[in-house]
Amino acid sequence: MVHHSSFVDEEGVKKACGCPLLPLKSHIKGPAPVSDRTDIVDEAILFFRANVFSRNFDIQSPADKLLVYLTFYINVVLKRLEGCRTLAEGTKAIINLGLEKVPVPGRVWFSFPGSFFADPQSQKEAELFRNYLQQIREETSGRLLSVAYRPNGTPNKWWLAFAKRKFMNIIAL
């Protein structure tokens, strides 16, 4: 069973590349509106271990596109954390991942499977979407560290074991 996003009502939410720029509980600077409620990052982390077993994901709302993107991204993060034995090593690996340039649809390095996101109509839209993805990736990485590692800094095997899973039968790099 696939878990879908609860953010189906998107009135007043800006879009870029066909994706809603949903509010985040974030202290990270970026284009996302600030919220104090449960956000898409919370949903992605909560639903990850159930959704990662899915071979198909039926998109029911534009927010589901973001949920799928974050599920893939969490898989990438867990793969990077797989060899890290301490929280400090994991943090360093995540910082290095965060330094990588975030590709956008329509560009050569955007390797996201399928045609979930529309190509940007302008350079301004591409930059807005890139900045939003960068912000949401940083926020997801930070929150994921708190669940992938125990308070004493050792890896949580019940999370890192999911690094080996393929979401929608695709290997994340």
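Keep in mind the model is a prediction, meaning the values are calculated, not measured.

Chemist: An account of the layout of surface pockets is requested, with residue identities and associated values reported.
Modeler: Taken as a whole, the second largest pocket spans an internal volume of roughly 180 Å³. In this structure, the second largest pocket is lined by 14 residues; those nearest its centre are Ile 94, Glu 138, Glu 139, Ser 141 and Gly 142. Among the secondary structure elements, those contributing two or more residues to the lining of the second largest pocket are helix H3 (87-98) and helix H4 (123-148). For the lining of the second largest pocket, a count of residues per class yields five nonpolar, five polar and four charged.

Chemist: Provide a residue-level description of the nonpolar core, including the pertinent values.
Modeler: Residues Ile 40, Leu 78, Leu 81, Phe 129, Tyr 132 and Ile 136 are the most contacted members of the largest nonpolar core, which totals 50 residues. Breaking this core down by element, the ones donating at least two residues are helix H1 (40-51), helix H2 (62-81), H3, H4 and helix H5 (157-160). Counting residues per element, this core draws most heavily on H2, at 13 residues. Each residue touching Ile 40, except ones within four places of it in the same chain, is listed here: Ser 5, Phe 7, Leu 22, Leu 24, Ala 63, Leu 66, Leu 67, Leu 70 and Ile 136.

Chemist: Break down the pattern of salt bridges for me, with residues and values.
Modeler: Applying the stated criterion to the full structure yields six salt bridges. For the salt bridge of Asp 42 with Lys 25, the shortest nitrogen-to-oxygen distance reads 2.8 Å. Residue Asp 42 is located in helix H1, and its partner Lys 25 is located in the loop between strand S2 (19-20) and H1; the two are separated by 17 residues in the primary sequence. Classification of Lys 25 by relative accessible area gives partly exposed; the value is 32%. Among the residues examined, Asp 42 registers a relative accessible area of 22% and is labelled partly exposed. Among the charged side chains, a salt-bridge network with shared partners connects Lys 25, Asp 39, Asp 42, Glu 139 and Arg 143.

Calculation rules
- Every chain's residues receive numbers from 1 upward, in the order its sequence appears when written.
- Residues qualify for local features only when their pLDDT is at least 70, as the model is predicted, and side-chain atom pairs are given and counted only at 80 or more; totals for whole chains, interfaces and linings, by contrast, use all residues.
- Hydrogen atoms and water are omitted, and side-chain values are computed over all heavy atoms in the structure.
- Grid spacing is 1 Å over the protein atoms alone, the probe is 1.4 Å, and a cavity is where that probe fits but cannot get out, while a pocket is an open set with protein on both sides within 12 Å along at least five of seven lines and lining residues have an atom within 4 Å of a point.
- Grid points are joined across faces, edges and corners, and a volume is the space filled by probe spheres set on the points.
- The secondary structure listing takes helices from DSSP runs of H or I that are at least 4 residues long and strands from runs of E that are at least 2 residues long, numbered from the N terminus.
- Residue polarity is assigned by list, with Asp, Glu, Lys and Arg as charged and Ala, Val, Leu, Ile, Met, Phe, Trp, Tyr, Cys and Pro as nonpolar; anything else, Gly included, falls into the polar class.
- Put simply, a nonpolar core is a bunch of buried Ala, Val, Leu, Ile, Met, Phe, Trp, Tyr and Cys residues held in one set by side-chain atoms that sit within 4.5 Å of each other.
- A 1.4 Å probe rolled over the protein chains alone gives each residue an accessible area, and that area as a share of the maximum for its type sets the label: buried under 20%, exposed over 50%, partly exposed in between.
- Contact between two residues is taken to exist if any of their heavy atoms lie within 4.5 Å; hydrogens are not considered.
- Any carboxyl oxygen of Asp or Glu within 4 Å of a side-chain nitrogen of Lys or Arg constitutes a salt bridge here.

Function cannot be inferred from these measures alone, as they are strictly geometric.
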